[in-house]
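Coordinate inspection notes
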Amino acid sequence: ILIDLRSQIEETGQRLSVKQSERDYWLEYKNVGSKIQANKIMNLEKDIKEVKDDLHRATEHYRNALKAVKEENDRLVEKHMKLSKEQAPEKAVRYLDKNSRREIEENEWLKEEVKMYQKEVSDLKASIQLLEEENICLVTKLIDSRLQNLGV
């Protein structure tokens, strides 16, 4: 029985030693390790915030850049469409036969002639109006002078 008690005491001493080692480890962690871990956690949270801020700035930058590129692209497409519309008649004329091209050229020439005649007609109308006004003046003077002669 004494041997059993000694072995139990020895076994209990070993367990006590193990438990004291564990207690010492946790006390050390509580006093030193937990502070180190807390600092690491704070640093990681700070890094996460910086990464989020960088992501936000980069997102805004790329969003603005994309908007600018889209606007430039729309402007270039609009410019190209306008140019294509302007060049379309010239390109279409190239594929027409000789007689059709001649008719188009004659039509352009006739349009110019019509413009000249319209201007000439306009000038003539203005001249006619001036002459009519002058005639009215002269007729009025003639009537006035005849009335004076009759009244004399």
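Residues numbered from 1 in each chain as written. Predicted model: local features only at pLDDT ≥ 70, side-chain atom pairs only at ≥ 80, totals over all residues. Heavy atoms only, no water.

In the annotation of an unreviewed UniProt entry, the protein chain is listed under the name CCD83 protein and assigned to Mesembrinibis cayennensis.

Focus on the overall build of the protein chain
The secondary structure content of the protein chain amounts to two helices and zero strands. In terms of C-alpha radius of gyration, the protein chain reaches 54 Å, well past the compact-globule figure of 15 Å for 152 residues. For the protein chain, the spread of C-alpha atoms along the principal axes amounts to about 175 × 65 × 20 Å. Here the protein chain holds 152 residues, and the buried ones make up 1% of them. Summed over its atoms, the accessible surface of the protein chain is roughly 14900 Å², and 59% of this surface lies on carbon and sulfur atoms. Averaged over its 29 positive side-chain charges, the protein chain has a centre that lies 5 Å from the centre of its 31 negative ones. (Helix = DSSP H or I, 4+ residues; strand = E, 2+ residues; numbered from the N terminus. Rg over C-alpha atoms; globule rule 2.2 N^0.38 Å. Buried < 20%, exposed > 50% of the residue type's maximum accessible area, 1.4 Å probe, protein only. Areas by Shrake-Rupley, 256 points an atom, 1.4 Å probe, with all protein chains shown as cover. Lys, Arg positive; Asp, Glu negative; His and termini not counted. Charge placed at Lys NZ, Arg CZ, Asp CG, Glu CD.)

Here's the deal with the pattern of salt bridges
The tally for this structure, following the rule as stated, stands at nine salt bridges. Close ionic contact of Glu-60 with Arg-63 constitutes a salt bridge, the shortest N to O distance being 2.6 Å. You can see Glu-60 and its partner Arg-63 sitting in helix α1 (residues 2–94), three residues apart, about one turn around the helix. Note on Glu-60: relative accessible area 32%, which makes it partly exposed. For Arg-75, the salt bridge is made with Glu-72, and the minimal N-O distance between the two is 2.6 Å. (Salt bridge = Lys/Arg side-chain N within 4 Å of Asp/Glu carboxyl O.)

Some remarks on the UniProt feature "coiled-coil region" (unreviewed entry) in the protein chain
Feature annotation in UniProt assigns "coiled-coil region" (unreviewed entry) to the following positions: residues 34–134. This span, residues 34–134, is 97% helix and 0% strand, and a straight line between its end C-alpha atoms measures 115 Å. (UniProt positions renumbered as here; feature names shortened; annotations may be inferred.)

A look at the domain arrangement of the protein chain
Along its sequence, the protein chain is organised into domain 1 (1–67) and domain 2 (99–151). Using only C-alpha atoms to locate each centre, domain 1 and domain 2 end up separated by 106 Å. (Domains from an automatic or database assignment.)

Section: the packing of aromatic side chains
Per the counting criterion, the structure on display carries one aromatic pair. Taking the centre distance of 5.1 Å and the plane angle of 75° together, the rings of Tyr-25 and Trp-26 count as edge-to-face. (Phe/Tyr/Trp six-rings, centres within 6.5 Å; stacked < 30°, edge-to-face > 60°.)

Let's talk about helix α2 (residues 98–151)
With 54 residues, α2 extends 78 Å between its outermost C-alpha atoms, agreeing within 8% with the 80 Å of an ideal straight helix rising 1.5 Å per residue. Where α2 begins, the capping side chain belongs to Asp-97, and its oxygen is found 3.1 Å from the backbone nitrogen of Asn-99. (Expected span 1.5 Å × (residues − 1). Polar contact = N/O pair within 3.5 Å; in protein donor to acceptor, adjacent residues only side chain to side chain.)

Section: the environment of Asn-149
Checked against the element boundaries, Asn-149 lands in helix α2. Separated by 54 residues in sequence, Asn-149 and Tyr-95 have C-alpha atoms that sit 79 Å apart.

Observations concerning a nonpolar patch on the surface
Residues Ile-1, Leu-2, Leu-5 and Ile-9 make up a contiguous nonpolar surface patch of roughly 470 Å² in combined accessible area. Within the fold, Leu-5 resides in helix α1. Assessed through its relative accessible area of 42%, Leu-5 is described here as partly exposed. (Patch = residues over 30% accessible without salt bridge, like charges linked within 9 Å, V, L, I, M, F, W, Y side chains within 5 Å.)

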